[in-house]
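Letter by letter, the chains look like this.
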Amino acid sequence: MDEIVSEFLVESSEGLDQLDQDFVELEKNPGDKALLANIFRCIHTIKGTCGFLGFSKLESVTHVGENLLSRLRDGELSLTPEITSALLAMVDAVRSIMGHIEESEGEGDTDYGPLVERLSALTRGEAAPPAEAEAEDAQADNKPEADSKGDESSDPEAESQPAAPSPAAPAPEKSSEAGEERQSKSLSEGSIRVDVGLLDKLMNLVGELVLARNQVLQYTNTAADNGLNATTQRLNLITTELQESVMKTRMQPIGNVWSKFPRVVRDLSMSFGKKVEVEMEGKETELDKTIIEAIKDPLTHIVRNAVDHGMETPEAREAEGKPAQGTLHLRAFHEGGQVNIEISDDGRGVDAQKVLAKALQRGLVTQEQAARMTERSILNLIFFPGFSTAEKVTNVSGRGVGMDVVRSNIEKIGGTVDIQSQLGRGTTLRIKIPLTLAIVPALIVRTAGDRFALPQVNLLELVRLEGETARKGIEYVRGAPVHRLRGQLLPLVYLNRTLGLPDAPPRAEDEEEEINIVVLQADERVFGLVVDEILDTEEIVVKPLGKQLKTVDAFAGATIMGDGAVALILDVLGLSNRAGLAVVSRRVAEAEAEGMAAAGEEKQTMLLFQAGENRRVAIPLSDVARLEEFDAQIIERAGSTEVVQYRGHIMPLVRLSEVLGRHSLPQEGETLHVVVYKNGAGSVGLIVDKILDIVDEQIAVHRTRGRSGIVGSAVIQEKVTDVLDVKLAIDSSGIDLFEHPAKHTEELRA
């Protein structure tokens, strides 16, 4: 049964049970206006909802009952036993119809015309005709609730008047009614309403249990008692299951937030003279209730902006060769312990040059900074406070308030937001948020003898430098420490210096030097956090900081470790701001640009691989999203294309040796080496024979008129190497990924 209908039946059943008590109480106190208002409100709610769901028979019965209650509430009629009996008969009829809906999703064949006329007559101040009253009582006798002696005794007319003969056979009707009663009981008993505060308290208690579990585990790791170890492992399993179950009670589908967006889009479209259709994918994706509440307003603002800023009028769309009706697509899915939300439109897109011009005009960036900015960096300027490209102020947007609040609200809950746009084709905002805020996975590090927790949502990778590499791995650019990671300068932040902690004691002469770097992402900036020691990963229970520490931007909370000690949870964004990372990153970028200009020949970071026997090929590392190894057995086919299921998508594969006209080398153990290339909404896996190296050299490419994506050759590592244009190579393979980024993926899904 549809979830909305089920929820309606549960809520209405609870209301009807309360009405039975309220009507009895109302007979004792006919002047109780508050009680009468509660009864009216309940019937009004049922009527409104059943009309929305298309239950016309139920709507007609509740409508006339509502009219009668309205006159009673306004004092135009006085409550009499006859009116009370009619209203109770209406409640029985509503309960019977709901039983039919639950059992067969229909409203049943019973004719409630006599009951409707009886209620209408009482509303007009007239007495209901006896024949109609008898017929109605006869029908009430056929209802499941009227079959019990308790209900018959509560209706004076049912006691005094005999039931009229019914053409229906009584035995089957009773059997059907018994089935309805069982269904009704199962529905009402299958769910329960719980106060959110009670769930919060239960979640806190589970958090304390997780902390106690961690302490017991740490103690038993050093114990030699097998019985104690077995009991501890059992405690660990039970605690984990309890934690997951309690978290599920707080989970809600994101569709609860999305449900109002079609109405929002419809109203805005009518207001602006536009045509916009809303498509939703992944409405069942669940998040913690706290997260749901936190993202409600940011998502609403993004949707409103998409309709106001992004969508063109039907005339403008048709002039550009687009359908008159635009599409706003909402998508949600789980990935890597997070929830990804994508909001995309097929509107006009964001003009990066217009954004940059506006930023220069408002002094948000300098001319020097603008010259070095990538398109992604330019688009992210829309999240600056006070930034707006709207040509006129409307009641929806244009005041420069909103997108900065969207980002800050999402970052408060440990999420990130990114924007991608193609001029004339549309815009996509991608939001990544954690599933819950109460218990999160974290990396535990130690600096200056203290332990700190880093949320894994911000973690990119770990780098360890030892011996000679450690001594030469740290460089200084304009006084700022950096590490060259795969050819890119990575700004470094020393945790102890940023927090004002003492430096680590000097190492002994015979002790090998080592440097531990945690590569983190804060907003759009990537940096390395230097710590003394990397310990382990574990689930931590987030405890809020006291009001005395609320203003300390480097910490997001605290947790209790397995040994009972308190560890502070680092706020990665706040830590980067405290370290002045924005200034350091700018200095590093300027120095790197000046160094390249002085060298006269630009250094490039290239990925080297083998494609065929004795053929070395290189591609810019910036074109590589990831390096993967796949078992050949997981490869499938979609039409004539080899594909693999990858990160929730269907990714086409290209055997590069075949594209280049070479024979592939035999693969060891049926393991395929794959270079993942990503362009816009699509990804392609390039199957190569062997990954060789990553180099950072000054490369002079000798251009050729080669085919299949080879643009020339260069001497790399003293060997002649072909330089590949990935886009041309994929085009040569026949995959139409670049002209229509989403087309190929959609065809594969179909």
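Please read these numbers as outputs of a predicted model, since none were measured by experiment.

Considering the overall build of the chain
Across its full length, the chain holds 26 helices and 30 strands. Among the 750 residues that make up the chain, the fraction classed as buried is 43%. Carbon and sulfur atoms make up 49% of the accessible area of the chain, which amounts to about 38500 Å² in all.

Quick notes on the packing of aromatic side chains
Counted under the stated rule, the structure contains 1 aromatic pair. Over the face of the ring belonging to F383 we find R407, whose NZ or CZ atom lies 4.2 Å from the ring centre. Above the face of the Y494 ring, R497 is positioned so that its terminal group lies 3.9 Å from the ring centre.

Things to note about the sheet that holds strand β9 (residues 450-455)
In space, the 5 strands of this open sheet follow the order β16-β8-β9-β18-β17, with mixed pairing throughout. Here the strands that pair on one side only, and so sit at the sheet edges, are β16 (533-541) and β17 (555-560). Averaged over all adjacent pairs, the angle separating strand axes in this sheet is 35°, with direction ignored. Taken together, the 6 bridges between strand β8 (residues 439-447) and β9 define a ladder with antiparallel strand orientation. Bridge pairing in β9 places L443 opposite L454. Sheet strands in contact with helix α10 (residues 196-220) are β8, β16 and β17, and its direction is about 145° off that of β16.

Some thoughts on the sheet that holds strand β13 (residues 488-494)
Spatially, β10-β14-β15-β13-β12-β11 is the arrangement adopted by the 6 strands of the open sheet, whose pairing is mixed. Looking at which strands have only one partner, the edges of the open sheet turn out to be β10 (459-466) and β11 (475-477). Direction aside, the axes of adjacent strands within the sheet are offset by 40° on average. Bridging between strand β12 (residues 480-485) and β13 involves 4 bridges; their strand directions are antiparallel. By the bridge assignment, V482 is partnered in β13 with P491.

Things to note about the pattern of salt bridges
For side chains of opposite charge, pairing can occur when their charged atoms come near one another. Taken as a whole and assessed by the stated rule, the structure comprises 22 salt bridges. A salt bridge links R331 to E281, with the shortest nitrogen-to-oxygen separation between them at 3.5 Å. Here R331, found in strand β4 (residues 326-335), pairs with E281, found in strand β2 (residues 276-281); they are 50 residues apart in sequence, far enough to count as distant. We classify E281 as partly exposed; its relative accessible area is 30%. The closest approach of N and O atoms between R464 and E466, which form a salt bridge, is 2.6 Å.

So, a nonpolar patch on the surface
Together, I192, V194 and L198 line one region of the surface with nonpolar side chains, adding up to about 320 Å² of accessible area. With respect to the element layout, V194 can be found in the loop between α9 (170-189) and α10.

A look at the nonpolar core
Within the largest apolar cluster, 44 residues are counted, with the highest numbers of intra-cluster contacts made by W258, L287, I295, L299, I341, I431 and I433. A per-element tally of this core places helix α14 (residues 289-310) first, with 8 residues. Excluding its chain neighbours within four sequence positions, the residues that come into contact with L287 are R250, M251, Q252, I254, I292, I295, V339, I433 and L435. L9, L58, L69 and I101 belong to the second largest nonpolar core, which has 39 residues in total.

Focus on unusual backbone geometry
Non-glycine residue A448 carries a positive phi angle of around 55°. Inspection of the secondary structure assignment puts A448 in the loop between β8 and β9. Accessibility expressed as a relative area gives 26% for A448, which makes it partly exposed.

Examining the packing of α14 against helix α19 (residues 403-412)
The N-to-C vectors of α14 and α19 enclose an angle of 150°; their axes lie 9 Å apart at closest approach. Comparing their axes, α19 and α14 come out roughly antiparallel. Of the two elements, α14 crosses α19, and the hand of that crossing is left-handed. In this structure, α14 contributes P298, H301, I302 and N305 to the contact, and α19 contributes M403, V406, N409 and I410. Of the residues contributing to the contact of α14 with α19, the split by class is 5 nonpolar, 3 polar and no charged.

Points about helix α13 (residues 261-272)
With 12 residues, α13 extends 16 Å between its outermost C-alpha atoms, agreeing within 8% with the 16 Å of an ideal straight helix rising 1.5 Å per residue. Taken together, the buried positions of α13 are occupied by F261, V264, V265, L268 and S269. All buried residues of α13 fall inside an arc of 125° around its axis, so they share one side. Looking at α13, the residues exposed on the side facing more than 90 degrees away from the buried face are R263, M270 and S271. Two residues or fewer after α13 comes G273, characterised by a positive phi angle close to 70°.

Considerations on the pairing of strand β20 (residues 616-620)
By the criterion of burial, β20 is predominantly enclosed, with 4 of the 5 residues buried. Two strands pair when backbone bridges link them, and β20 and strand β30 (residues 719-724) are joined in this way by 2 bridges, in the parallel orientation. Residue pairing across strands places V617 opposite D722, the latter belonging to β30.

With respect to helix α3 (residues 56-73)
For α3, spanning 18 residues, the distance from its first C-alpha to its last is 25 Å, which sits close to the expected 26 Å at 1.5 Å a residue. Listed as buried for α3 are L58, V61, T62, V64, G65, E66, L68, L69, S70 and L72. Downstream of α3 by one or two residues, G75 has phi in the positive range, about 80°.

A closer look at the environment of T605
Residue position: T605 is located in strand β19 (residues 603-610). Each C-alpha atom, one on T605 and one on P620, is 6.1 Å from the other, the two residues being 15 residues apart in sequence. Not counting residues within four places of it along the chain, the set of residues in contact with T605 comprises R486, G487, Q488, I619, P620, L621, I694, V695 and D696.

Points about the side chain of T428
By secondary structure assignment, the location of T428 is in strand β7 (residues 426-434). Ignoring any residue separated from it by four or fewer positions in sequence, one finds T428 in contact with I343, S344, D418, I419 and Q420.

Digging into the packing of α3 against helix α4 (residues 81-104)
At a minimum axis distance of 10 Å, the contact between α3 and α4 shows a crossing angle of 155°. Taken together, the axis directions place α3 and α4 in an arrangement best described as roughly antiparallel. Read as a crossing pair, α3 and α4 show a hand that is left-handed. In this structure, α3 contributes K57, L58, V61, T62, G65, L68, L69 and L72 to the contact, and α4 contributes I83, L87, M90, A93, V94, I97, M98 and I101. Looking at the contact of α3 with α4 residue by residue, the class counts come to 13 nonpolar, 2 polar and 1 charged.

A word on the pairing of strand β6 (residues 416-422)
Note that β6 and β7 share 7 bridges and pair antiparallel. Bridging from a neighbouring strand, Q420 pairs with T428 of β7. Joining the antiparallel neighbours β6 and β7 is a turn of 3 residues, in which G424 adopts a positive phi near 85°.

Some remarks on the confidence of the model for the chain
Taken over all residues, the pLDDT of the chain has a mean of 77, while the share at 70 or more is 80%. The low-confidence segment residues 596-601, where pLDDT is below 50, has 7 contacts with residues more than four positions distant or belonging to other chains. In this model residues 738-750 is a low-confidence stretch, pLDDT under 50, and it forms 24 contacts with partners more than four residues away in sequence or in other chains.

Reading the values: the criteria
Residues numbered from 1 in each chain as written. Predicted model: local features only at pLDDT ≥ 70, side-chain atom pairs only at ≥ 80, totals over all residues. Heavy atoms only, no water. Helix = DSSP H or I, 4+ residues; strand = E, 2+ residues; numbered from the N terminus. Buried < 20%, exposed > 50% of the residue type's maximum accessible area, 1.4 Å probe, protein only. Areas by Shrake-Rupley, 256 points an atom, 1.4 Å probe, with all protein chains shown as cover. Phe/Tyr/Trp six-rings, centres within 6.5 Å; stacked < 30°, edge-to-face > 60°. Lys NZ or Arg CZ within 6 Å of the ring centre and 35° of its normal. Pairing = 2+ DSSP bridges. Axes fitted to C-alpha atoms, helices over the stretch in contact; angles between N-to-C directions. Contact = heavy atoms within 4.5 Å. Salt bridge = Lys/Arg side-chain N within 4 Å of Asp/Glu carboxyl O. Patch = residues over 30% accessible without salt bridge, like charges linked within 9 Å, V, L, I, M, F, W, Y side chains within 5 Å. Core = buried A, V, L, I, M, F, W, Y, C linked by side-chain atoms within 4.5 Å. Parallel < 35°, antiparallel > 145°, perpendicular 65-115°, else oblique. Left-handed = near helix turned anticlockwise from the far one by under 90°. Nonpolar A, V, L, I, M, F, W, Y, C, P; charged D, E, K, R; others polar. Expected span 1.5 Å × (residues − 1). Arc of directions from axis to C-beta. pLDDT = per-residue confidence, 0-100.

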